[in-house]
Amino acid sequence: MHLNLYRRLRGDPWFVLGAGLALALGLLLLASPWLIRHDPYAMDFVPLSAPSAQHWLGVNDGGMDIWAELLTGFGNTLIFGLFTGLLGLGLGVAVGLSCAWFRGLYDLCLMRLADLLLAIPAVLVLILLAAYLRPSAWLLALVLALMAWPTSARVIRAQALTLQERSHLLAARQMGGSSFYLLGRHLLPELFPLYLIGFAALVRMAVFMEASLSFLGLFDPGRKSLGMMVGRALPYYYLEIGWYWLLPPVLLLTMLLLSITLLAVSLEKIFDPRLKEHW
Amino acid sequence: MMSVLWRRGVVYLLAALAIVYVGYRLPGLLPGDYVTTVYGGAEVVLTADQEQLLRARYAAADNFFSYLQNLLLLDWGESWAHKTPVFTLIMAALPWTLLLMGGAHLLATALGMIAGVEAAWRRGGRLEKAGVGSMTLLQGVPELALGVVLLLVFSYQLGWLPAGGGLSAYAEAGTGGLLLDLLRHLLLPLATLVLAWFPGNFLLARASMVLVLRQPFLVTARAKGLPPWRVRYRHAARNVLLPLVTRFGLRLAFMVTGALVVETLFAYPGLGTLLYQAISLRDLPLVQGIVLAAILALLAVNLGLELLYGRLDPRTW
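None of these values were measured; they are calculated from a predicted model.

### Re the overall build of chain A
Helices and strands together make up the secondary structure of chain A, namely eleven helices and zero strands. Along chain A, helices (α) and strands (β) appear in the sequence α-α-α-α-α-α-α-α-α-α-α when read from the amino end. Sorting the 279 residues of chain A into buried and exposed places 55% on the buried side. The contacts in chain A between residues at least 6 apart in sequence include a share of 69% that link residues at least 24 apart. Carbon and sulfur atoms provide 70% of the accessible area of chain A, an area that totals close to 12,200 Å². In chain A, which carries 19 positive and 16 negative side-chain charges, the distance between the mean positions of the two groups comes to 11 Å.

### Brief notes about a nonpolar patch on the surface
On the surface, a cluster of nonpolar side chains totalling about 510 Å² of accessible area is made up of Trp6(B), Val10(B), Leu13(B), Leu14(B) and Leu17(B). Positionally, Leu13(B) belongs in helix H1 (residues 2–29).

### Quick notes on the UniProt feature "transmembrane region" (unreviewed entry) in chain A
Residues and elements named next belong to chain A. According to UniProt, the feature "transmembrane region" (unreviewed entry) maps to residues 12–36, 78–101, 113–132, 138–156, 194–219 and 243–267 in the numbering used here. Within residues 12–36, the helical portion is 92% and the strand portion 0%, while the C-alpha atoms at the span's ends are 35 Å from each other. Between the first and last C-alpha atoms of residues 138–156 the distance is 26 Å; the span itself is 100% helix and 0% strand.

### Quick notes on the environment of Leu70(A)
Residues and elements named next belong to chain A. Inspection of the secondary structure puts Leu70 in helix H3 (residues 66–102). When the C-alpha atoms of Leu70 and Leu252 are compared, they prove to be 8.5 Å apart, with 182 residues separating the residues in sequence. Those residues in contact with Leu70, other than ones at most four positions away along the chain, are Leu57, Leu226, Met229, Pro248, Pro249 and Leu252.

### So, unusual backbone geometry
Of note, the phi angle at Arg103(A) is positive, near 50 degrees, even though the residue is not glycine. You can see Arg103(A) is positioned in the loop between H3 and helix H4 (104–119). Positive phi values are uncommon outside glycine, yet Lys83(B) reaches one of about 50 degrees. Here Lys83(B) is to be found in the loop between helix H4 (64–72) and helix H5 (86–121).

### Structural notes on the interface of chain B and chain A
Taken together, the contacts link 54 residues of chain B with 45 residues of chain A. The interface formed by chain B and chain A includes zero salt bridges. For the pair chain B and chain A, the interface holds two residue pairs in polar contact (both at pLDDT 80 or more). Elements with a contribution of two residues or more to the side of chain B that touches chain A: H1, helix H6 (126–139), helix H7 (143–157), helix H8 (175–213), helix H11 (238–265), helix H12 (271–280) and helix H13 (284–312) of chain B. Across the side of chain B that touches chain A, the residue classes tally to 39 nonpolar, ten polar and five charged.

### Some words on the side chain of Ser259(A)
Residue and element names in this part refer to chain A. Mapped onto the elements of the fold, Ser259 is located in helix H11 (residues 243–271). A relative accessible area of 2% means that Ser259 is categorised as buried. In contact with Ser259, not counting residues within four places along its chain, are Gly18, Leu21, Ala22 and Leu25.

### Description of the packing of helix H5 (residues 122–133) of chain A against helix H6 (residues 137–164) of chain A
Residues and elements named next belong to chain A. Two elements in contact, H5 and H6, have axes separated by 10 Å at closest approach and are oriented at 150 degrees. Looking at the two axes, H5 sits roughly antiparallel to H6. Handedness of the crossing formed by H5 with H6: right-handed. Between H5 and H6, the residues in contact are Ala122, Val125, Leu126 and Leu129 and Leu140, Val143, Leu144 and Met147, respectively.

### Some remarks on the state of the cysteines
Each disulfide consists of a covalent bond between the sulfur atoms of two cysteine residues. Enumeration according to the criterion identifies zero disulfides over all chains in this entry. Just so you know, Cys99(A) is unpaired, no disulfide at all, and the nearest cysteine sulfur is the one on Cys109(A), 9.3 Å from it.

### What about a positive patch on the surface?
A contiguous patch of positive charge, built from Lys224(B), Arg230(B), Arg234(B) and Arg238(B), is present on the exposed surface. Among the structural elements, Arg238(B) can be located in helix H11.

### Topic: the pattern of salt bridges
What the rule picks out here adds up to seven salt bridges over all chains. With its nearest N and O atoms 2.7 Å apart, the salt bridge here joins Glu118(B) to Arg122(B). Residues joined by salt bridges that share partners form a network here, namely Arg112(A), Asp115(A) and Arg154(A).

Scoring rules and cut-offs
Residues numbered from 1 in each chain as written. Chains lettered and ligands numbered in written order. Predicted model: local features only at pLDDT ≥ 70, side-chain atom pairs only at ≥ 80, totals over all residues. Heavy atoms only, no water. Helix = DSSP H or I, 4+ residues; strand = E, 2+ residues; numbered from the N terminus. Buried < 20%, exposed > 50% of the residue type's maximum accessible area, 1.4 Å probe, protein only. Contact = heavy atoms within 4.5 Å. Areas by Shrake-Rupley, 256 points an atom, 1.4 Å probe, with all protein chains shown as cover. Lys, Arg positive; Asp, Glu negative; His and termini not counted. Charge placed at Lys NZ, Arg CZ, Asp CG, Glu CD. Patch = residues over 30% accessible without salt bridge, like charges linked within 9 Å, V, L, I, M, F, W, Y side chains within 5 Å. Salt bridge = Lys/Arg side-chain N within 4 Å of Asp/Glu carboxyl O. UniProt positions renumbered as here; feature names shortened; annotations may be inferred. Polar contact = N/O pair within 3.5 Å; in protein donor to acceptor, adjacent residues only side chain to side chain. Nonpolar A, V, L, I, M, F, W, Y, C, P; charged D, E, K, R; others polar. Axes fitted to C-alpha atoms, helices over the stretch in contact; angles between N-to-C directions. Parallel < 35°, antiparallel > 145°, perpendicular 65-115°, else oblique. Left-handed = near helix turned anticlockwise from the far one by under 90°. Disulfide = S-S within 2.5 Å.

See the structure below:
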């Protein structure tokens, strides 16, 4: 199955483009310790100086090297997205599978909770939290994951319910396999494609939200991020200073979201066209 | 039908209560004393009278039910920065947001649906492939980037359109001048939102339409000799509305974020900009009021959509 999967993915131009972009961005992130030549938090230089050999992208209003700021912010944004995605997916898988397996009251309660959370817009809750508490990125990731699990949980639950009726699973159950064994050995791996799709959707949502919130100045102000850089650079652009400051974070953010979106689109297309557009 | 109405209604009511409760509890979660924490910075200096007034106000809301009652009576507190009731400020900014978001949504949906239907009709053609390709790419670009690029090109490099605001300070007196000024200011934020929302609608409309086109009832419609546009729009496109409505509900929260970012970017005088300013000034009653209003409006719209969905597709009831 996995060889076949590889062949199908390789044949999809969106996947190739998205994966190539993701690879390039990943390499950039891995290489950033060597590429950053200045401390991104140190205010050592002449504020608002244009790009030069010393400062590839110039210096911001606080006297910080923009190139160093850009790579640090990019890393922060990406790590926030991946962490939130993993957390949300973990919750979604745990809830979705266990609901499909145990059903009954447990299922009913969790699914009504999912309805409730789906009705509440996460962004606005995050804004409310951030405005009052100035929480850390980790706390925001946790809240976001806690609010975002229902979508993947529902998809996984629905798929697991149909899967349970397949003959090999019924046979395995008849032979006396324990719940733990059946779940871990049969159900969990067979839904693998759904995890990929759900993960891509969650990471995309998290990156998008982090960028929006930090642009609005609602993330930890001491933490570098691409959205925050855009928000800081914008007023200076009105004064005709620093296109070199505004464009790089915008471009990098676009490339990041583009690669996630392309990967998500191709994964959906390949695994389950019916899931299209559910995020 | 009534039972579905009840079930959905209860879910939305619970969601609303939960969120209002969060809003009620949040001020209390602030470390230390509320008033000192908020006014502790150097930005605002309080007189003793003001401080007492503020303390009194936040002591008053110590009961969730009285808080709820005040909300229902449209007493949303008073903005610290504007010294005006929060509800009045929200009502003043709301028309701008409705104009921008409503206009962008109508355009993005109508254009997306027509383009999607036409693309599906020409499936396999070069135009369709180019459309799907470019829209898939555009789908991955965030509003923030679209807005910045439009701003750079049309406002700064070309100088064709104003960079921000809703109206010029001294817009021409006549109605024509005022309207033109309004439109000129609306164009860039509107274009950003339409560009951000159009691709998804287009791709979804096209995908649903491709499925519909295979259905036997369309063969019948064509066999009856109906003109092609009638087959396309009266018979086939009706079925595309359903997924579009669903998508709208699912994406509503994202749309609000997008509109928030775009309003801030273009300093458009709607709720988003009001919220942004309130956040920058730490005008917490205003932040809370706007966010609560937005959440309650979203819940109401979502409930409405679910009911509409039932009308569009009687099978779901």
